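One letter stands for each residue in the lines below.
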Amino acid sequence: MAEAERIIGTPDIPEAARAAQERDDDGTRARSDASADTGTSGGSQAPDQADQAPEEDGGRPKGRRKIAVLFAVAAFAYLVDLVSKMIVVAKLEHHDAIEIFGEWLKFDAIRNRGAAFGFGQAFTIIFTLIAAAVIVVIFRLARKLYSLPWAIALGLLLGGALGNLTDRIFRAPGVLEGAVVDFIAPKHFAVFNLADSAIVCGGILIVLLSFRGLDPDGTVHKD
């Protein structure tokens, strides 16, 4: 009976060829199973890699870019303020004021021992310590900074605070009591410098960001 089934079912295929075909079929099935297993294991690994990618792209490297922006803005504000004061001391101090827009805006070099715009002349040391404290706070905030607008705002504050603190430390009459060089003199307004301008612009930007509910770490909240 088995011999009859063999002859009827495969009349043209020799026994050796049939055995070879069966071996090929077994090999094909084995490779298919292996491919299926590989695809299954690869599929289970893909989500792990996808899960790791956001952490690498959106974690510390992103925060480091914002920190780099903060220090770049601070360095620019500090250097512009420092260079402007050096030019004012060398070319304008002890000379007549220079009119920029008639009486509405002049460059007039003065020495200010008070806070920004000439306030608090008797509290020079206190203002110096406050400026140093602001710088320390900004450095601490930088560790969890993920917002570009906050990076710019804090950079302006840092650059301005460093600019005026440099005057407090290195200019006469002495360390921590030095007088800040001011030279921008609008009509009917206090005389100030570029460091004061950076501090005010940074402070205004921080107020606006706070009203919008944007935190330094990039989160947005609505109160």
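On a predicted model such as this, the values are computed, not experimentally measured, just so you know.

Draft legend 1. Examining the overall build of the chain more closely. Across its full length, the chain holds six helices and three strands. Secondary structure elements in the chain, listed N-terminal to C-terminal, are α-α-α-β-β-α-α-β-α. The burial tally for the chain puts 28% of its 223 residues in the buried class. Looking at the chain alone, contacts between residues at least 24 apart form 65% of all its contacts between residues at least 6 apart.

Draft legend 2. Layout of the sheet that holds strand β2 (residues 105–112). Pairing is antiparallel across the open sheet formed by three strands, whose spatial order is β1-β2-β3. The open sheet terminates on both sides in strands that have one partner only, identified here as β1 (98–99) and β3 (180–186). Both β2 and β3 contribute to a ladder of six bridges, which runs antiparallel. The residue of β3 that forms the bridge with Ile110 is Asp182.

Draft legend 3. Focus on the side chain of Asp167. Positionally, Asp167 belongs in helix α5 (residues 148–170). Classification of Asp167 as buried rests on a relative accessible area of 2%. Reaching out from Asp167, the side chain makes a polar contact with the backbone nitrogen of Val181 at a distance of 3.2 Å. Setting aside its immediate chain neighbours within four residues, Asp167 contacts Lys85, Gly178, Ala179, Val180 and Val181.

Draft legend 4. Geometry of the pattern of salt bridges. What the rule picks out here adds up to five salt bridges. One salt bridge in this structure joins Lys85 and Asp167, with 2.8 Å as the shortest N-O distance. Placement of Lys85 in helix α3 (residues 60–92) and of Asp167 in helix α5 is noted, with a sequence separation of 82 residues between them. The exposure classification of Lys85 matches that of Asp167, with both residues buried. Here Arg171 ties to Asp167 by a salt bridge, and the two come within 2.7 Å at their closest N and O atoms. Note on Arg171: relative accessible area 17%, which makes it buried. Here the salt bridges share partners, and the residues they tie into one network are Asp81, Lys85, Asp167 and Arg171.

Calculation rules
- Residues numbered from 1 in each chain as written.
- Predicted model: local features only at pLDDT ≥ 70, side-chain atom pairs only at ≥ 80, totals over all residues.
- Heavy atoms only, no water.
- Helix = DSSP H or I, 4+ residues; strand = E, 2+ residues; numbered from the N terminus.
- Buried < 20%, exposed > 50% of the residue type's maximum accessible area, 1.4 Å probe, protein only.
- Contact = heavy atoms within 4.5 Å.
- Pairing = 2+ DSSP bridges.
- Polar contact = N/O pair within 3.5 Å; in protein donor to acceptor, adjacent residues only side chain to side chain.
- Salt bridge = Lys/Arg side-chain N within 4 Å of Asp/Glu carboxyl O.

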